[in-house]
Amino acid sequence: MPEGRLLASSPCLAGEIAPNGFDPLAVDPEQARDVARWRRAERVRLRVARDALSVADRQAVGVALSAHLRHLLAQQFSGAAGLTLSAYWPIKGEPDLRDLMADLHGRGVTLALPVVAVKAAPLVFRRWMPGMAMVRGDWNIPVPPPDAEPLTPDIALAPLVGWDRVGFRLGYGGGYFDRTLAALSPRPFTIGIGLQSARLATIFPQPHDIALDVILTEAGVQFHREGP
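Keep in mind that this is a model prediction, so the values were computed, not measured. (Residues numbered from 1 in each chain as written. Predicted model: local features only at pLDDT ≥ 70, side-chain atom pairs only at ≥ 80, totals over all residues. Heavy atoms only, no water.)

Engineer: Sorry if this is basic, but what is going on with the sheet that holds strand β7 (residues 162–164) here?
Structural biologist: Adjacent strands of a sheet form backbone hydrogen bonds with each other and so pair up, either parallel or antiparallel. A sheet is described by the order of its strands in space; here three strands give the open sequence β8-β7-β10, paired in mixed fashion. The open sheet terminates on both sides in strands that have one partner only, identified here as β8 (169–170) and β10 (199–200). Bridge analysis of β7 against β8 gives two bridges, and the strand direction is antiparallel. Residue pairing for β8: Trp163 is matched across the bridge by Arg169. (Pairing = 2+ DSSP bridges. Helix = DSSP H or I, 4+ residues; strand = E, 2+ residues; numbered from the N terminus.)

See the structure below:
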């Protein structure tokens, strides 16, 4: 495929393999390469669109998402007081939920932030509190210091670059979140946080991809897994 077409929405065969001809459990190397190439292109496209949002639009998205998340936690977990919720520190235009994080802390929710302690290994979670002195972690993201209390989340938020209607997320490509979910037992209740405009018909799920329990955007709940 010509290099100049890398940013097209359906590079190589990815556009032709879903939904009827695509096998999410396949291990065919050529198909896996097609999907990886398509995902790289979609990450670029979706991040460019997200970066183009105005300051006012970003603020409106954050306010709407915070309200929806507060409502979801109230319905699903009676507000989550006494539980540990892993949030995230916003980077690269991600929705900013830090005001809500501080409010939840004040309401008795224990907050944690994910940390890359070892490359290509599951994330660890350290306790976060408003006003805490942070240090620079992987990708230069502020994280709690090494002496912060390690925690295991009951609920985990996952920022989304893209998402689909059956609960799969398109992340940044490092595989950290899926690797972490595969390692945690019991698994936390997972909530994807993203933009309504980042919806995809499919992410072409691969064997390592783990669907989330909820997808939440500024428009509200877009996916909620049924059952336990």
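Engineer: Where do I start with the sheet that holds strand β12 (residues 220–224) in this structure?
Structural biologist: Strand order in the open sheet formed by seven strands is β3-β2-β1-β6-β9-β11-β12, and the pairing between neighbours is mixed. A single partner strand is all that each edge strand has here, and the edge strands are β3 (124–128) and β12. Neighbouring strand axes in the sheet, compared pairwise and without regard to direction, differ in orientation by 25° on average. Bridge analysis of strand β1 (residues 84–86) against strand β2 (residues 110–115) gives three bridges, and the strand direction is parallel. Bridge pairing links Thr84 to Thr110 in β2. (Axes fitted to C-alpha atoms, helices over the stretch in contact; angles between N-to-C directions.)

Engineer: When you look at unusual backbone geometry in this model, what are you seeing that I'm missing?
Structural biologist: Negative phi characterises most residues that are not glycine, and trans characterises most peptide bonds. With an omega of 0°, the peptide bond between Ser185 and Pro186 qualifies as cis. Residue position: Pro186 is located in the loop between α4 (176–183) and β9 (189–193). In this structure, Ala120 takes a positive phi of about 60° despite not being glycine. Looking at the secondary structure, you find Ala120 in the loop between β2 and β3. Notably, Phe204 is not glycine yet its phi reads approximately 55°, a positive angle. Within the secondary structure, Phe204 is located in the loop between β10 and β11 (214–217).

Interpretation in functional terms is not warranted from these geometric data alone.
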